[in-house]
Amino acid sequence: AASSASPLMKRRRALTYSLSSVSELPSPAVFWPLPPPPPQLSQRDRLQRRSGSQPRVGWAQEEEEEVNKRIFDECAEQGDVASSRAIFDDIRCRHGRTLRRFWWNMLLKAHANAGDDEGAMAVFHEMSQSGVVASGRTFGKLVESAAKAGNAEMAEHWLHLMANISPSLPLGEVHLNAMMNACSKAGDARRAEFWLSRMSAADVTSDTCSFTTLITSCSSDTEKAVSWFEMMLAAGRQPNGISYNAVLDSFAKRGDVAGAVQWRAKMMAASVKPTLITYNSLIAACARHGSPEQAVAEFQQMRKEDLQPSLVCFNSVIDAFAKPGDAASAEHWFEEISKANLAPDEVTYTSMINACAQRGNATLASLWLTRMLDAGLQANTMSYSAVISSCAKRGATPQAAEWLDAMSQSRIKPDLIAFNAVINSCAKNGDVVGASHWFDDLCKASLTPDKVSYTAVIESCARSNRSDEAGRWFLKMLDAGLFPDMITYTTVMSSAARAGDMSDAIRMFELAMQAKLTPDVICYNTLIDGFARQGDVESATHWFSLLSAAGLRPNLSSHNSLLKCCSRAGNVPAARKWLQATLASGLNPDLFTWSSTLGACANASPPNWEDAEELFRQMVMSGMHPDRLMLQTFARTVGSRRCSEICRELGVDQLPQQQRKIKK
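Just so it is clear, the structure is predicted and the values come from calculations on it, not from any experiment.

### Focus: the packing of aromatic side chains
- In the structure shown here, the tally under the stated rule is 26 aromatic pairs.
- Relative to Trp 263, the ring of Tyr 244 has its centre 6.3 Å away and its plane inclined at 55 degrees; by these criteria the two rings are tilted. Residue Tyr 244 is found in helix 13 (residues 241–253), and its partner Trp 263 is found in helix 14 (residues 257–269); the two are separated by 19 residues along the sequence.
- For Trp 263, a relative accessible area of 4% gives the class buried.
- Both rings, one in Phe 334 and one in Tyr 349, keep their centres 5.3 Å apart while their planes meet at 70 degrees; by these two values the pair is edge-to-face. Here Phe 334 is found in helix 18 (residues 327–339), whereas its partner Tyr 349 is found in helix 19 (residues 346–358), with 15 residues between them in sequence.
- An aromatic cluster is defined as three or more aromatic residues linked by ring pairs; in this entry it consists of Phe 72, Phe 102 and Trp 103.

Take a look at the structure:
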């Protein structure tokens, strides 16, 4: 039986024996022959079936060429380069290597509609090598391919080449409109205007498309956009929806919601119905302006007009809530995306990350980045940098460093913002070693440190009371050819002031003035606080007066520094004077303000219990609740028994919430 078995049976038995050790049963297809596969259709046949045109037996060559033209034109119109090339090669194979210019131009049309300027260039070189002479239409498609790619220089190159190769070819409407479109995409409004002037010189009539292209090139220059719109009306051209949307979008890019809404009204008055693009621009304008409620109102209006919102609309609404850090509302709109049968993209998740990062919620920001990666989306530099910055704001250096490493492992090169965020995180913790380490890693990553990088390292030195090292980093910054700004000078001043070297702090202030920099309130406060730490009331008061003389308004930190100085000296009259000055300035005293004033009473010799009791009552009446340290200072001044009596009288809890939690 074995010898009489057919070759097919022998093959099945062999397969059975070879698969006997496998726990999972093989597919039945292994034992029984499959039906033969259907015949493979050529690219041309598949396209013919898709277009609904089937060749008939014995059809004429002219009819076949017409069908080829129709199918080819359909693919080229859609910018389907792959299918267009397949048809072109098929026709070339049938008719020999030399093809009429018509077919080459059709292939160029596909590249032009796809915005594939490099592919169009390759086709042109292939066409020239085949001995086919280019026509005005050929160059028109080449210019159009560069224009759609936003490559204005290449578009001009093709026009110059046309003039050199075929000087007799006229500069037509197609070429000039394409050039204007190229300049518009490149954001070069002046160059786009130049090509409009060439239209007049070439006796080519500018149409609605020409003016609309110019309006689009104005980007956020609303005055120019409106001016070109008015010129279009003066020329007797009828604006269309694209024209109105272009003007409206110029207002939207500036965050001018009122202007964008006004142009929507003009659009409707002209019986032009707003489109999805109109509402995309309006919602984006609200997001830039920081008006999330109005963004929602425009979104709801869009739905009332039976327009289906796109993902761009949802992303703009989420971004509107993300800017002020309203993560809860942003998450609500994130959930609305899935209800609309849409899928969030990289922009959506990045906005969610930014919403959490704005509030300094590093945990939630990290969670959203993890969700983004789990969704199979590619996080970009902006996404990682936002999470790293949120960790850095909290001083969570290890977490920031972990995300920076994850960024590198994802083959995304960390940018300067990401490195600066980690260095800044080290600076907040006074970690000079860590800041210096990440500064070196920044340089190893072939990035150039900027002012922010150096200033962060200087701040780490200042917080760790290493003024000499801060000075060395300042000199390194100068050697690198960078010009320190006021923040850098203030950081070096702070380092010197913390070390008690006020002469060096003043020297840095004078250097900043020589560099034509304008000191701000923080800069003056650094000097006021430095002298206050030394108990030098006179010098601190002098710099406070210079702050006011510079036309700057002293803030609460300015007043608190002087109160701290009075507190240490036990100078009650001066402390009360500065407290009244704080109130007269319209500032709301904080717990530090009242603590310093009461501290002056406690440090007076003998302790001034009368003023202390009066100030304590004034503080409680203002709505300020004392903490444990303030109650201890007050009890030290007036006595424990009197402190308890006054607290019971005023309804003050003598065991503040923080202390109660500790005892529990």
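Following the structure, the description resumes.
### Looking at the nonpolar core
- Formed by 180 residues in total, the largest nonpolar core has its most connected members in Ile 388 and Phe 616.
- Setting aside residues up to four positions removed in sequence, Phe 616 forms contacts with Leu 598, Pro 626, Leu 631, Phe 634, Ile 646, Cys 647 and Leu 650.

### Let's talk about the pattern of salt bridges
- On inspection of all chains with the given rule, the structure shows 22 salt bridges.
- Across the salt bridge formed by Lys 141 and Glu 144, the nearest N and O atoms sit 3.3 Å from each other. Of the two residues, Lys 141 and Glu 144 are both situated in helix 7 (residues 136–148); the distance of 3 residues between them amounts to about one turn of the helix.
- Note on Glu 144: relative accessible area 16%, which makes it buried.
- A salt bridge links Arg 463 to Glu 459, with the nearest nitrogen and oxygen atoms 3.0 Å apart. Here Glu 459 and Arg 463 lie together in helix 25 (residues 451–463), a separation of 4 residues that amounts to about one turn.
- Residues participating in the shared-partner salt-bridge network are Glu 613, Arg 617, Arg 642, Glu 645 and Glu 649.

### Considering helix 34 (residues 609–621)
- Compared with an ideal rise of 1.5 Å per residue, which puts 13 residues at 18 Å, helix 34 spans 18 Å between its outermost C-alpha atoms and is within 8% of the ideal.
- Regarding helix 34, the residues found buried are Asp 611, Ala 612, Glu 613, Leu 615, Phe 616, Met 619 and Val 620.
- Taken together, the buried residues of helix 34 touch helix 32 (572–584), helix 33 (591–603), helix 35 (628–638) and helix 36 (640–650).
- Just downstream of helix 34 lies Gly 623, where phi reads positive at about 95 degrees.

### So, unusual backbone geometry
- A cis amide bond, omega 0 degrees, links Ser 605 with the succeeding residue Pro 606.
- Summarising the element assignment, Pro 606 is placed in the loop between helix 33 and helix 34.
- With phi around 60 degrees, Asn 341 is a residue other than glycine that occupies positive phi space.
- Mapped onto the secondary structure, Asn 341 falls in the loop between helix 18 and helix 19.
- Phi is positive for Ser 446, close to 65 degrees, though the residue is something other than glycine.
- By the element assignment, Ser 446 lies in the loop between helix 24 (432–444) and helix 25.
- Take Ser 446: its relative accessible area is 63%, and that puts it in the exposed class.

Calculation criteria
Residues numbered from 1 in each chain as written. Predicted model: local features only at pLDDT ≥ 70, side-chain atom pairs only at ≥ 80, totals over all residues. Heavy atoms only, no water. Phe/Tyr/Trp six-rings, centres within 6.5 Å; stacked < 30°, edge-to-face > 60°. Helix = DSSP H or I, 4+ residues; strand = E, 2+ residues; numbered from the N terminus. Buried < 20%, exposed > 50% of the residue type's maximum accessible area, 1.4 Å probe, protein only. Core = buried A, V, L, I, M, F, W, Y, C linked by side-chain atoms within 4.5 Å. Contact = heavy atoms within 4.5 Å. Salt bridge = Lys/Arg side-chain N within 4 Å of Asp/Glu carboxyl O. Expected span 1.5 Å × (residues − 1).

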